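Listed here are the chains, written in short residue letters.
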Amino acid sequence: IIEEEVDLAGTQVASPLLIPDRAVVIGVTGLVLEAITGAASWRLGVSDDDQRYGHSIGVAQGSTVIGVSSTPTAYYGATPILVSASGGSFASGRVRLALTYCALTVPGA
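Visitor: What is the right way to look at unusual backbone geometry in this model?
Guide: Both trends apply: most residues other than glycine have a negative phi, and most peptide bonds are in trans. One non-glycine residue, Arg22, adopts positive backbone phi at about 65°. For Arg22, the location among the structural elements is in the loop between β2 (12-19) and β3 (23-37).

What follows is the structure, given as structure tokens:
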């Protein structure tokens, strides 16, 4: 599990939290640390599906999302987690995201 905090501004923010190359993602979770303003709700995902891990997520401090992959999803390249505004643009807010994944390793010689 790796975690990052993300400050929100604009319509979409690419988190510094990256899914590692060749990782299998179990899910992504989030916690609103500072209330989100400017957007009615938000989505959590990746570039090819900006709501893969959640949509219509609350904006109040303490709101949470538990985005479980419907089946474990493999990523073949470092992939940023995206936080996207719904019903407006982010004026402010902060979330903490956690990525739960498995990384395979090559056996030793």
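What follows continues from the structure just given.
Visitor: Would you mind showing me how to read the environment of Thr29 here?
Guide: With respect to the secondary-structure elements, Thr29 resides in strand β3. In sequence terms Thr29 and Val68 are 39 residues apart; their C-alpha atoms lie 8.0 Å from each other. Sequence-distant contacts of Thr29, defined by excluding residues within four places in its chain, comprise Val65, Ile66, Gly67, Arg96, Leu97 and Ala98.

Visitor: Please explain the side chain of Thr73 as it appears in this structure.
Guide: Residue placement: Thr73 occurs in strand β6 (residues 64-75). A distance of 3.1 Å separates the side chain of Thr73 from the backbone oxygen of Thr71, its partner in a polar contact. Apart from the residues lying within four places of it in its own chain, the contact partners of Thr73 are Ala23, Val24, Val25, Arg52 and Tyr53.

Visitor: Help me out: how do you make sense of the pairing of strand β5 (residues 49-57) in this one?
Guide: On a regular strand, each side chain points to the face opposite its neighbour's, so the side chains alternate between the two faces of the sheet. Pairing of strand β4 (residues 41-46) with β5, which is carried by three bridges, proceeds in the antiparallel orientation. Within β5, the position partnered with Trp42 by the bridge is Ile57. Counting the residues that bridge the hairpin from β4 to β5 gives two residues.

Visitor: Even after reading the chapter, I still don't get the environment of Gly58, so can you show me in this structure?
Guide: Here Gly58 is to be found in the loop between β5 and β6. For the pair Gly58 and Ala39, spaced 19 residues apart in sequence, the C-alpha to C-alpha distance is 9.7 Å. With near-sequence residues (within four places) excluded, Gly58 lies in contact with Val32, Trp42 and Ser63.

Visitor: Would you mind going over the sheet that holds β5 with me for this structure?
Guide: The strands making up a sheet are joined through hydrogen bonds of the backbone, oriented either antiparallel or parallel. Pairing within the open sheet is antiparallel, and its four strands lie in the order β2-β7-β4-β5. Looking along the sheet, the strands with just one partner apiece sit at the ends: β2 and β5. Strand-to-strand twist across the sheet, computed as the mean angle between neighbouring axes with direction ignored, equals 25°. As defined by bridge partners, β2 adjoins strand β7 (residues 79-86) across five bridges and the pair is classed as antiparallel. Along β7, the bridge assignment pairs Val13 with Val83.

Visitor: Teacher, can you tell me more about the nonpolar core here?
Guide: Generally speaking, soluble globular proteins have nonpolar side chains that are buried together. Formed by 25 residues in total, the largest nonpolar core has its most connected members in Trp42, Leu44 and Phe90. Mapped onto this core, the elements with two or more residues apiece are β2, β3, β4, β5, β6, β7 and β8 (92-103). Here this core takes five residues from β3, the largest share from any one element. Setting aside residues no more than four positions away along its own chain, Leu44 makes contact with Val28, Asp50, Gln51, Arg52, Tyr53, Gly54, Ile57, Val65, Ile81, Leu82, Val83 and Leu97.

The rules we used
- Residues numbered from 1 in each chain as written.
- Predicted model: local features only at pLDDT ≥ 70, side-chain atom pairs only at ≥ 80, totals over all residues.
- Heavy atoms only, no water.
- Helix = DSSP H or I, 4+ residues; strand = E, 2+ residues; numbered from the N terminus.
- Contact = heavy atoms within 4.5 Å.
- Polar contact = N/O pair within 3.5 Å; in protein donor to acceptor, adjacent residues only side chain to side chain.
- Pairing = 2+ DSSP bridges.
- Axes fitted to C-alpha atoms, helices over the stretch in contact; angles between N-to-C directions.
- Core = buried A, V, L, I, M, F, W, Y, C linked by side-chain atoms within 4.5 Å.
- Buried < 20%, exposed > 50% of the residue type's maximum accessible area, 1.4 Å probe, protein only.

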